[in-house]
Amino acid sequence: MTDLHPVVGALGTSSERPADRFRFLHVVHRNYLVWRQLLGSALVGHLADPLLWLVGFGFGIGSLLPTVGGLTYLEFLGSGMLCYSVMNSASFEALYSAFTRLKHQRTWEGILHAPMTVTDIVIGEWVWAGLKGALSGAAILLVMAGLGLLKSFSALWLLPIVLLVGLAFSGIALVVTAVAKSYDMFTYYFSLFVMPMMLVSGVFFPAEQLPPIVRFTGELFPLSHATALARGLAVGAPLDHVVLHLAVIAIYAVLGLGLANNLIKKRLTK
Amino acid sequence: MLKVAGLRKRYGDLEVVRGVNLQVASGTCFGLLGPNGAGKTTTLRCCLGLTTPDSGSIELAGLPVPAQAREARARVGVVPQFDNLDPDFTVAENLIMYGRYFGLSRRECEAQVERLLVFAGLTDKAKAPIETLSGGMKRRLTLARAMINDPQILFMDEPTTGLDPQARHLVWDRLKTLLTEGRTLILTTHFMDEAQRLCDRVAIMDQGVIIAEGAPHELIDREIEPAVIEVYGDGIDSWFETAGKRYSERSELAGDTAFCYCHDPGPLLRTLEGLSELRSLRRSANLEDVFLKLTGRDLRD
Ligand SMILES: Nc1ncnc2c1ncn2[C@@H]1O[C@H](COP(=O)(O)OP(=O)(O)OP(=O)(O)O)[C@@H](O)[C@H]1O
Ligand SMILES: [Mg+2]
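Along every chain, residues carry numbers that run from 1 in the direction the sequence is written. By the order in which they are written, chains take letters starting at A while ligands take numbers starting at 1. Only residues with pLDDT of 70 or above have their local features reported here, since the model is predicted, and side-chain atom pairs are shown and tallied only from 80 upward, although totals for entire chains, interfaces and linings are computed over all residues. The basis for every side-chain value is the complete set of heavy atoms in the structure, and neither hydrogens nor water enter the calculation.

Asker: I would appreciate a short explanation of the overall build of chain B in the present structure.
Answerer: Counting secondary structure elements, chain B contains 11 helices and 14 strands. Reported as C-alpha extents along the three principal axes, the dimensions of chain B are approximately 70 × 45 × 35 Å. For every residue, the accessible area (1.4 Å probe, protein chains only) is compared with the maximum for its type, and the residue is labelled buried under 20%, exposed over 50%, or partly exposed between those bounds. Counting across all 301 residues of chain B, residues that qualify as buried make up 53%. Within chain B, contacts between residues separated by at least 24 positions form 68% of all contacts whose residues are at least 6 apart in sequence. Surface exposure here means Shrake-Rupley accessible area, sampled with a 1.4 Å probe, where a residue is shielded only by the protein chains that are shown. Surface exposure of chain B reaches about 12800 Å², of which carbon and sulfur atoms provide 48%. Secondary structure elements follow DSSP: runs of H or I no shorter than four residues count as helices, runs of E no shorter than two count as strands, and numbering proceeds from the N terminus. Whether two residues are in contact is decided by their heavy atoms, any of which lying within 4.5 Å being enough.

Structure, rendered in structure tokens:
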């Protein structure tokens, strides 16, 4: 049984390297290499889109509006769009792109032939989609800084926070990917979950004037907590319940990952 | 190298692997044969820890599977039935990226690319995107990819399906080299000549059960009469009824061809003399005859 071990040399011991805990980084790295090939279009998407939105809507509609909860509409919209973009970016990656690798390209199947586990792959995809969300967020922060919207250095706290928000939406989206039969399912996800959540989470207009039950429903989901944090830290709106906001977002991130991992494991090792 | 006992796997109402036992010795080539849907791929996937079996025990490279399947796979190369090369990368990048999953450094992987491309006969395709490769080239690249970790054991599910004769000979040649290097090969194939040529031992699987096992020549000696006469042409039906059945130990009319198996073909051949409308072919028995005898001539699924 063991007589051939010398043939593989160092490989026989590779499984005991401490770096094994970070095997998921191979998946992040793979996705990064692919993303880098399309860097130009990716960056234009991250920077130009929010810039056009902010300038167009912020100045266009904003000039017609009085202040919103003590903020100019541009400030209000900027901090809302920040969260919206993080959500969108992470969701798209963890839905469409991840599903492509799961089903159509069978990339995950190939990775599993190597000494990698389903959990390595799922964590890698979760982190990667979270990072893409965070990158979108960072791009918007940059645009906001350029437009002079950021009030203080506390805005820098938003860098780790957008990563957390990205991970939350990445986790939820991976659960959907895990059970999806085709891309059609993602249309439902956006129409029946993402859009309604957006409307009650104070992204484009304040949620305060909504009926209490609707507001409460909004607060069950991470987007409203993300907007509250962004508004407080980026443009200086009053901010309390920081720990609660962070906790809700983190719970979605972790539960999403755990559930997605279980479902994808079942699906792939059937 | 591989020990499987009492392996069972069910999909819905259908039990597709029904109590499989296997032993593959180190440094040998083992062939798993069987008609479509017999359960070969499912068995291999269970051995690699890619599918969770319902029951049974598996030991691969000295490690229990699925408990330590990941560690076992570090010493294994896998050629899946359907290629899953990464379409987002070029040929060379596919090899490098795959090596990274084994924990090899980029430099370690790059150092192997040249050798593996020669191995696969793809030296001038290093920078080609995957979608520009032909089916056979993809197959060879998948084989090269499986070698990136210098594996002790190779699992190959139909490695030569879709290859032209040149490429098939190239692959056979490579596989023989791997055997002389002391590696263990486990493969499935639908080409009986390939199994006969490469495998030290084969197992024939049908409907989830292994129905025969042994060295190819042993199976041929044990299951089949040594001489085979194939006869076809006008009037085959009446010749078969009057002479074919009578002068062979075992015979079969499949479509328009009679297959007659016997120890001494002399008497049978004499009945064909002067029958110019009948054509005949005399050959010695091979593994395909064994396969067809044991699994029948009917199409599966
Ligand atoms: N994921 C799955 N879900 C349901 N049924 C499956 C699944 N995988 C395989 N099967 C069934 O299990 C049986 C055995 O399939 P398997 O792929 O192991 O056969 P095989 O011997 O490799 O056949 P082939 O020579 O065609 O590759 C088939 O009836 C197949 O339909
Ligand atoms: Mg198969």
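After that view, the rundown keeps rolling.
Asker: Quick question: what am I supposed to make of the coordination of the magnesium ion (ligand 2) here?
Answerer: Put simply, the ideal angle at a metal is 109.5 degrees for four donors in tetrahedral geometry and 90 or 180 degrees for six donors in octahedral geometry. Residue and element names in this part refer to chain B. Coordination sphere of the magnesium ion (ligand 2), protein contribution only: Thr41 (OG1) and Gln81 (OE1), at 1.9 to 2.2 Å. With threonine 41 in helix α1 (residues 40-47) and glutamine 81 in the loop between β6 (76-79) and α3 (91-101), this pair connects stretches of sequence that are 40 residues apart. Using a relative accessible area of 25% as the deciding quantity, one classes glutamine 81 as partly exposed. Shown as donors are all N, O and S atoms within 2.8 Å of a metal ion, widened to 3.2 Å for Na, K and Ca; because water is not in the atom set, sites may appear incomplete.

Asker: Teacher, can you tell me more about the sheet that holds strand β1 (residues 2-11) of chain B here?
Answerer: Hydrogen bonds along the backbone pair up the strands of a sheet, which may run parallel or antiparallel. Residue and element names in this part refer to chain B. By definition, two strands form a pair when at least two bridges between them are found by DSSP. An order of β2-β1-β4-β5 is seen for the four strands of this open sheet, with the pairing classed as antiparallel. Here the strands that pair on one side only, and so sit at the sheet edges, are β2 (14-24) and β5 (63-65). For this sheet, the mean inter-axis angle between neighbouring strands, taken without regard to orientation, is 25 degrees. With three bridges connecting them, strand β4 (residues 55-60) and β5 associate as antiparallel partners. Looking across to β5, one finds that isoleucine 58 is bridged to valine 65. Sheet strands touched by α1: β1, β2, β4 and β5. Its angle to β1, the strand with the most contacts, is close to 120 degrees. To get an axis, a line is fitted to the C-alpha atoms, and for a helix only the part in contact is used. The angle between two axes follows their N-to-C directions and goes from 0 to 180 degrees.

Asker: Looking at this structure, how should I read helix α4 (residues 106-120) of chain B?
Answerer: Three- or four-residue spacings in an α-helix give side chains the same orientation, since the helix completes a turn every 3.6 residues. Residues and elements named next belong to chain B. For α4, which comprises 15 residues, the first-to-last C-alpha distance of 20 Å matches the rise-based estimate of 21 Å (1.5 Å per residue) to within 8%. The axis of α4 is deflected most strongly, by about 35 degrees, at valine 113. Cys109, Gln112, Val113, Leu116, Leu117, Phe119 and Ala120 are the residues of α4 that are buried. Buried-residue contacts for α4 involve α3, α5 (135-145) and α6 (165-180). Count one or two residues on from α4 and you reach glycine 121, which has phi positive near 65 degrees. Take the residue count of a helix, subtract one, and multiply by 1.5 Å to get its expected span. Bend is computed residue by residue as the angle between axes fitted to the seven residues ending at the residue and the seven residues starting at it.

Asker: I'm lost on the sheet that holds strand β3 (residues 29-33) of chain B in this one. Help?
Answerer: Residue and element names in this part refer to chain B. Pairing is mixed in the open sheet, where six strands are placed in the order β6-β7-β8-β3-β9-β10. If you trace the sheet from one side to the other, it starts and ends with β6 and β10 (209-214), each paired once. Each strand of the sheet is rotated relative to its neighbour by a mean of 15 degrees, with strand direction disregarded. α6 contacts β3, β7 (153-157) and β8 (184-188) of the sheet and is inclined by roughly 145 degrees relative to β8.

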